[in-house]
Amino acid sequence: MYNYDFLTALKIEDALYYLDRLEKVKILAGGTDLIVNIHKKSSRLPHFDYLLDISNIEELKFIALKKQFLEIGSLITHTQLIEDTLIAKYFPILKFAAQTIGSPQIRNRGTIGGNIVNASPAADLLPPLIALKARVELVSPGGKRELTLTEFLSGPYQTKLQENELLTTIKIPLLNEGYLANFQKIGRRKSLAIARLSLALVTRIDSENIFQDSRIVPGSATPYPQSFPVTEGAVNGKRTTDLNLEEIGEIIAKEMISITGKRWSTPYKSKALSALVIRALKEFISKAGTK
Amino acid sequence: MKKIKINLTINGKKITLKVNPQERLIDTLRDRLKLTGTKEGCSIGECGACTVILNGKAVASCLVFTAQIDGSKILTVEGLEVGGKLDPLQQAFLDHHAVQCGFCTPGMLMSAKALLLKNPHPTREEIKTALEGNLCRCTGYEQIIEAIESVTKD
């Protein structure tokens, strides 16, 4: 099973060439998940004949401000997300989320593209990226297409990436004035913790202190991270002073159970998820109050 | 399964190797080059015992395939001592009793070294963050942090 050839791509076009002409190619980037699975001969890893290393494609290592978007190359590491000034300015929520990932050793190798394509239910960057309405650009020899992350993710550890496609760019629409973003995470310990539960919350509080356009995305709560439209609807249109936080906590727990059914972890996760959404909303309300 | 030709600079010395596609950096260091100062603990990137410095950054050498890092510079614990003189961090670990069983020590030293290369005067919190990927099961963290602090305050 582990009799594969190692291929190196130094340019996007080299990678596309291999993906187009060869069958059963597995793409390797930062390797923080894949190398462990290869070394352990994990049964979860499907058979492959070629391992295509893209980690040295310099074209995929950029963070750039475009007109309506911040664009992030798929090989940007978690450390680079933490240290980049554009991320700190426009999307500090991504910096906070990246800081909670693994350890310096993991953050120095693991990439934003890998975190997305690996599509773990506990992926730390997915809830904030979904809440920010991020889009992914997928390039193939035939051209390119763009999907929202919601469209791209199709199940736990599953995406709509085609065999001849490469994730090159993550595009995040810039937020207008008035938007706030918050990321919460619970792990068994502070470092190296796989999220037991996380929550990304992006919302706008308008000039009359009313919540608008709330985007609420828990992590590790559902088979793969997704928006919670019922909870979002319950928050939208409410004035910061009138929002019944306990009620929102109950609604988000019910919405989780409506997706997952009752599981062994439900008694813990419904209480903890309620607490996370209340904590995030309280932080927003106190910020709105100080304006 | 073709072998891959790789050039590396390890502790200042240039070498050329032909490696297997599954060969991790830790395998290259320990089995091929007999640089056994770098330890293999968990093999899944969580314990930090295998930490080395790759192009200036701390990495877990169990999470890197050697075939990925052609042309790279690697510093291992063996490269800390220069001209028979211990690195100030190594001396500080001895002076502050920061070594108990010793298994985590090479990884701790390399995480600390990576931090100081980038930030010679870190705060205590920054030191703790730099060490968050390194486990010590003798629980000697306090002495390790004190040892690193003593070097940064000069």
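Source: prediction; values computed, not measured.

Take the packing of aromatic side chains next. All names here are of chain A. Within this structure, the stated rule accounts for two aromatic pairs over all chains. With centroids separated by 5.0 Å and ring planes inclined at 40°, the aromatic side chains of Tyr4 and Phe48 adopt a geometry described as tilted. Here Tyr4, found in the segment before strand E1 (5-8), pairs with Phe48, found in the loop between helix H2 (34-39) and strand E3 (50-53); they are 44 residues apart in sequence, far enough to count as distant. For the pair shown, Tyr4 and Phe48 are each scored as buried. Geometrically, the ring pair formed by Tyr17 and Tyr18 is edge-to-face, given 5.9 Å between the ring centres and 75° between the ring planes.

The next point concerns the sheet that holds E1 of chain A. All names here are of chain A. Read from one edge to the other, the open sheet built from three strands follows the order E1-E3-E2, with strand pairing classed as parallel. Each edge of the open sheet is held by one strand with a lone partner, namely E1 and strand E2 (25-28). Between one strand and the next, the sheet's axes are offset by a mean angle of 25°, whatever the strand orientation. Note that E2 and E3 share four bridges and pair parallel.

What follows deals with the domain arrangement of chain A. Residues and elements named next belong to chain A. According to the domain assignment, chain A consists of domain 1 (5-53), domain 2 (60-173) and domain 3 (179-289). Taking only C-alpha atoms, the centre of domain 2 and the centre of domain 3 are 21 Å apart. The partner domain 3 presents 24 residues to the 22 residues of domain 2 that form the contact. In total, domain 2 and domain 3 occlude about 1,700 Å² of area from one another, counting both sides; carbon and sulfur atoms represent 69% of this. Of all residues in domain 2, Ile93, Pro127 and Ala131 give up the largest surface area on contact with domain 3, accounting jointly for 28% of the area buried on that side. Counting every contact that joins domain 2 to domain 3 gives four residue pairs in polar contact (both at pLDDT 80 or more). Of all the secondary-structure elements, those providing two or more residues to the side of domain 2 that touches domain 3 are helix H5 (92-99), helix H8 (126-131) and strand E8 (153-155).

Let us look at the nonpolar core. Residues Ile72, Ile116 and Leu129 of chain A are the most contacted members of the largest nonpolar core, which totals 45 residues. Excluding residues that lie within four positions of it along the chain, Leu129 of chain A makes contacts with Leu94, Ile112, Ile116, Ala134, Leu149, Ile170 and Ile172 of chain A. The next biggest cluster of nonpolar side chains, apart from the first, holds 28 residues, and it includes Ile35 of chain A together with Leu17, Leu29 and Leu35 of chain B.

Each side of the interface is counted separately: chain B has 32 residues, and chain A has 33 residues. A combined buried area of about 2,500 Å² lies between chain B and chain A, and 55% of that area is made up of carbon and sulfur atoms. Area buried by chain B at its contact with chain A is led by Leu63, Gln68 and Glu132 of chain B, which between them contribute 27% of it. Summed over the shared surface of chain B and chain A, the result is three salt bridges. Put simply, Lys118 of chain B and Glu83 of chain A hold a salt bridge, and the shortest N to O gap is 2.3 Å. Taken together, chain B and chain A are joined by 14 residue pairs in polar contact (both at pLDDT 80 or more). Within the residue set of the side of chain B that touches chain A, elements represented by two or more residues are strand E3 (51-54), strand E4 (57-60), helix H3 (105-118) and helix H4 (124-130) of chain B. Ranked by the residues each element gives to the side of chain B that touches chain A, the list is headed by E4 of chain B, at four residues.

Time to look at the sheet that holds E3 of chain B. Residues and elements named next belong to chain B. The sheet built from five strands is open, its strands ordered E2-E1-E5-E3-E4 with mixed pairing. The open sheet is flanked by strand E2 (13-19) and E4, the only strands paired with a single partner. Taking each pair of neighbouring strands and ignoring which way they run, the sheet shows an average axis angle of 40°. The sheet strands contacting helix H1 (residues 25-32) are strand E1 (4-10), E2, E3 and strand E5 (72-75), and the helix crosses E2 at an angle near 105°. H3 contacts E3, E4 and E5 of the sheet and is inclined by roughly 30° relative to E3.

Residue and element names in this part refer to chain A. Summarising burial for strand E10 (residues 166-173): seven of the eight residues are buried, a large majority. Both strand E5 (residues 69-73) and E10 contribute to a ladder of five bridges, which runs antiparallel. Residue Glu71 lies in a different strand from E10, and its bridge partner there is Lys171. Sheet topology note: the strand E6 (residues 135-140)/E10 ladder contains five bridges and is antiparallel. Across the sheet, residue Val136 finds its bridge partner in E10, namely Ile170.

Further remarks concern the state of the cysteines. Residues and elements named next belong to chain B. Taken as a whole, this structure holds zero disulfides over all chains when the rule is applied. Cys47 carries a free sulfur, and the closest cysteine sulfur to it, the one in Cys42, is 3.8 Å from it. Between Cys138, a cysteine without a disulfide, and Cys101, which holds the nearest cysteine sulfur, the sulfur-to-sulfur distance is 3.8 Å.

Now for H5 of chain A. Taken residue by residue, H5 of chain A has Ile93, Leu94, Ala97 and Ala98 of chain A as its buried positions. An end-on view of H5 of chain A places all buried positions within 135° of arc, on one side of the element.

In this section: unusual backbone geometry. In the Ramachandran plot, Asn55 of chain B falls in the positive-phi region, its phi being about 50° despite a non-glycine side chain. Turning to its location among the elements, Asn55 of chain B is positioned in the loop between E3 and E4.

Counted under the stated rule, the structure contains 22 salt bridges over all chains. Across the pair Asp213 of chain A and Arg215 of chain A runs a salt bridge, and its minimum N-O distance is 2.9 Å. According to the relative accessible area criterion, Arg215 of chain A is buried, its value standing at 9%. Arg24 of chain B serves as the salt-bridge partner of Asp27 of chain B, at 2.8 Å between the closest nitrogen and oxygen. For the pair formed by Asp27 of chain B and Arg24 of chain B, the shared burial category is buried. One salt-bridge network, held together by shared partners, links Lys66, Glu71, Arg135, Glu137, Lys144, Glu146 and Lys171 of chain A.

Rules of the game
Along each chain, residue indices are assigned from 1 in the same order as the chain's sequence is written. Think of it this way: whatever chain is written first is A, whatever ligand is written first is 1, and the rest follow in order. Totals for whole chains, interfaces and linings use all residues, but because this is a predicted model, local features are given only for residues with pLDDT of at least 70 and pairs of side-chain atoms are given and counted only at 80 or more. The side-chain quantities take in all heavy atoms of the structure and omit both hydrogens and water. By convention, a stacked pair of Phe, Tyr or Trp rings (six-membered ring in the case of Trp) has centres within 6.5 Å and planes under 30 degrees apart, an edge-to-face pair has planes over 60 apart, and any other such pair is tilted. A run of H or I in DSSP counts as a helix once it spans at least four residues, and a run of E counts as a strand once it spans at least two, with each numbered from the N terminus. A simple rule labels every residue: compare its accessible area, found with a 1.4 Å probe on the protein chains alone, to the largest value its type can have, and call it buried under 20%, exposed over 50%, or partly exposed in between. Following DSSP output, two strands are said to pair if at least two bridges run between them. Orientation is described by axes fitted as lines to C-alpha atoms, over the contacting stretch for helices, and by angles from 0 to 180 degrees between their N-to-C directions. The domain limits used here are those given by an automatic or database domain assignment. The contact criterion used throughout is that any non-hydrogen atoms of two residues lie within 4.5 Å. Take the accessible area each of two parts loses on contact, using a 1.4 Å probe, and add the two losses: that sum is the buried area. Here a polar contact is taken to be a pair of N or O atoms separated by no more than 3.5 Å, where protein atoms must pair a possible hydrogen donor with a possible acceptor and residues adjacent in sequence count only if both atoms sit in side chains. Buried residues of nine kinds, namely Ala, Val, Leu, Ile, Met, Phe, Trp, Tyr and Cys, make up a nonpolar core once their side-chain atoms join them within 4.5 Å. Throughout this description, the term salt bridge denotes a Lys or Arg side-chain nitrogen within 4 Å of a carboxyl oxygen of Asp or Glu. Here, a disulfide means two cysteine sulfur atoms that sit within 2.5 Å of each other. An arc is given here, and it is the one of the directions from the helix axis to the C-beta atoms.

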